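# Summary of structural features
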Amino acid sequence: MYIHERTNEELQQEVLELRKEITTLKTTAGRSITRSNCPENISEETSLRLENALQGGNMAWWEMDVLTGGVTFAKRKVEMLGYSPENFKHYKDFTNLVHPEDYERIMSAMRGHFQGISEHYETEYRIKAKSGEYIWFYDFGSVVKKDANGAPLICTGFVYDITDKKKAEEKLQRSENMLQMVIDNYPGVVFWKDRQCNYLGCNQSFANSVGLKSPAEVVGKTDLDMPWTSTETNNYIKDDMAVMECAKAKLHIVELLRQFDGREGWFNTTKLPLRDSGNQVIGVVGVSNDISTLRSAEQELINTNKELAFQYAEKERHAAELVVANVELAAQNVEIEEYSAELVATNKTLVFLAANLQLVHEKERVNLAREIHDGLAQLLVALKMDIGMYKKKISKTNEAIHTEEVIVEMEQLLIQVDNANKTARSIMNGLRPEQLELLGFVAAAEVHLSTFEQTHHIKCIFKNTVLDPIIQPDQALALFRILQESLNNILKHAMATRVTVRLTTIADKLVMEIRDNGIGFDVTRKCRSDSYGLIGMKERMKLLCGKLDITSKVGEGTMIRVEISSLHKCVENLN
């Protein structure tokens, strides 16, 4: 009998017998077996006999001095690992080779025996051989000598090489796991019973169908324990017994099966005799597939074919009508194409006219700004100077007049004149920003954002990634007007605390993005008919052959994105 075929009880019994034999030999020799004299004090014949027995059983003995930790191993034990006895003088020389996952289990078992918790020291572990491979040992031992207080002094035992046994167990376990995995992944129901129709096992699908969590809960039950009706139970048992008695498979049994939740379904079942290694029938195996969907599909297919036949006749009739309709549509398409060509030409003309109209408006704004500057602004400045001189004059006179009253009046006039002057300059800058013509769009935008931030206390950030921006005057004006209108809308509606303007280029297009952190709005809702600001921005982009997109979500702010190329090219194309 090989070691991996023995049970633990048989191994323990053999160890006890060997230990008894060693004890007898010790008594005969008249002294204890220690590290220095264990092998030498046994007679040569008995020693050879013991060694042959150990080698035949693939075993080896060991002994440990509990107080010093010193150990003596039989030559056979160290040879199993590929070492020599000189490599093992202390128990740590041995435990250092133990697999890290097994170390604590060994030490716990040894401590438990030394403390009297267990009668013997018994454990299994992996130990690293000189070749680098881990070998499985079964270790069994006990204390054979104690001091006057009962404390352990000497512990002896035997080890068995159970590597082959472990490999066989692992291989068997892998096979069982693989078989169970295959069965559990089978979409249908699988089960097997013994001769008395008791369930021996099943797959997960079967367990689910009867309302149990795992196949283990099915083992030992019968069809009487299942959610079948009495008629169904009798039919199932009758089929099982027939298969076992005749030792022949019964194929394609179409039957109605009741689920644990009360639902019923049609199943196609095949039952085969379950045989042992001697080809004797020991039970029955069943494989069942749910064909409820298939049966429903068959009926639906019949109904569908009838419906298709009717629809085909209808389509034939409609086809004849479509031929006539297609002829009429062809004539209409010719008219539509002619009309579309006229619309394209009209739209092109309208765009061109709108562009010219926009330019005229801008020129008028420039003229208006110049008139205000040369007229109203200079007049107000002169008036301010005159009033100031008058204030100084009346302040120095010695006549008995109400000087303080006149000074107060003059102060009020100065404030009004100064406000009028500021208003005139604001109008001029709004109609035609000076920075836009003198410094270009980038500088004008920075100044405008800075003024907006100081006036309304809304944080403004300007990011320009265009290294050498060359922006045409008409483009600059359109971008500036869109920036102005966007800031006005943010001030009126967004309730924002931060605005970020980003100017960059993508491919050959100039892109400006204006983003705020305000309350946002639903872009799917139609704009108000009087939203002239938004309409104006879109018209400006249309004239420049550009693109304007608005993205927003309620509570997440709004972003306006503008893309333009060259207005001159667009106008050229219109011509």
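Residues numbered from 1 in each chain as written. Predicted model: local features only at pLDDT ≥ 70, side-chain atom pairs only at ≥ 80, totals over all residues. Heavy atoms only, no water.

## Notes on the overall build of the protein
Looking only at helices and strands, one finds 15 helices and 15 strands in the protein. By residue count, 36% of the 575 residues in the protein fall in the buried class. Counting only contacts in the protein whose residues sit at least 6 apart along the sequence, the fraction spanning at least 24 positions is 53%. (Helix = DSSP H or I, 4+ residues; strand = E, 2+ residues; numbered from the N terminus. Buried < 20%, exposed > 50% of the residue type's maximum accessible area, 1.4 Å probe, protein only. Contact = heavy atoms within 4.5 Å.)

## Focus: a nonpolar patch on the surface
Together, M178, M181 and V182 make up a nonpolar patch on the protein surface, roughly 290 Å² of accessible area in all. By the element assignment, M181 lies in helix α6 (residues 163-185). (Patch = residues over 30% accessible without salt bridge, like charges linked within 9 Å, V, L, I, M, F, W, Y side chains within 5 Å. Areas by Shrake-Rupley, 256 points an atom, 1.4 Å probe, with all protein chains shown as cover. Salt bridge = Lys/Arg side-chain N within 4 Å of Asp/Glu carboxyl O.)

## Concerning the sheet that holds strand β13 (residues 509-516)
As summarised here, the arrangement of the five strands in space is β11-β12-β13-β15-β14, forming an open sheet in which the pairing is mixed. Where the open sheet ends on each side, the last strands, each with one partner, are β11 (459-464) and β14 (547-552). Each neighbouring strand pair of the sheet contributes to a mean axis angle of 10°, computed without reference to strand direction. Pairing of β11 with strand β12 (residues 498-506) involves six bridges; the strand directions are parallel. Following the sheet pairing, K459 is matched in β12 by R498. Sitting on the sheet, helix α12 (residues 441-456) touches β11, β12 and β13, and the angle it makes with β11 is about 165°. Relative to the sheet, helix α13 (residues 473-494) contacts β12, β13, β14 and β15 (558-564), its axis offset from that of β13 by approximately 15°. (Pairing = 2+ DSSP bridges. Axes fitted to C-alpha atoms, helices over the stretch in contact; angles between N-to-C directions.)

## Structural notes on the side chain of T95
Assignment of secondary structure puts T95 in helix α4 (residues 91-95). Relative accessible area serves as the criterion here: at 9%, T95 is assigned to the buried category. Engagement of the side chain of T95 in a polar contact is seen with the backbone oxygen of K92, the distance being 3.4 Å. In contact with T95, other than residues within four places in its own chain, are Y103 and M107. (Polar contact = N/O pair within 3.5 Å; in protein donor to acceptor, adjacent residues only side chain to side chain.)

## Digging into the sheet that holds strand β7 (residues 199-202)
Sheet architecture is open: five strands sit in the order β7-β6-β10-β9-β8, paired in antiparallel fashion. Only two strands of the sheet have a single neighbouring strand rather than two, namely β7 and β8 (250-258). The average angle at which neighbouring strand axes cross in this sheet is 25°, direction not considered. Relative to strand β10 (residues 281-290), strand β9 (residues 264-275) runs antiparallel, the two sharing nine bridges. Paired with L274 across the two strands is G283, which belongs to β10. Helix α8 (residues 230-246) contacts β6 (189-194), β8, β9 and β10 of the sheet and is inclined by roughly 165° relative to β8.

## What to know about a negative patch on the surface
A cluster of acidic residues, E335, E337, E338 and E342, forms a negative patch on the protein surface. Structurally, E338 can be placed in helix α9 (residues 292-396). On the accessibility criterion, E338 (48% relative accessible area) is partly exposed. (Lys, Arg positive; Asp, Glu negative; His and termini not counted. Charge placed at Lys NZ, Arg CZ, Asp CG, Glu CD.)

## Some details on the pattern of salt bridges
Side-chain pairs of opposite charge can arise whenever the charged atoms involved come near each other. Tallying each qualifying case throughout the model produces 19 salt bridges. Measuring nitrogen to oxygen at the nearest pair gives 2.8 Å for the salt bridge that ties K250 to D239. Note that K250 is positioned in strand β8 and D239 in helix α8, a separation of 11 residues in sequence. Salt bridges sharing common partners tie together E101, D102, R105 and R126.

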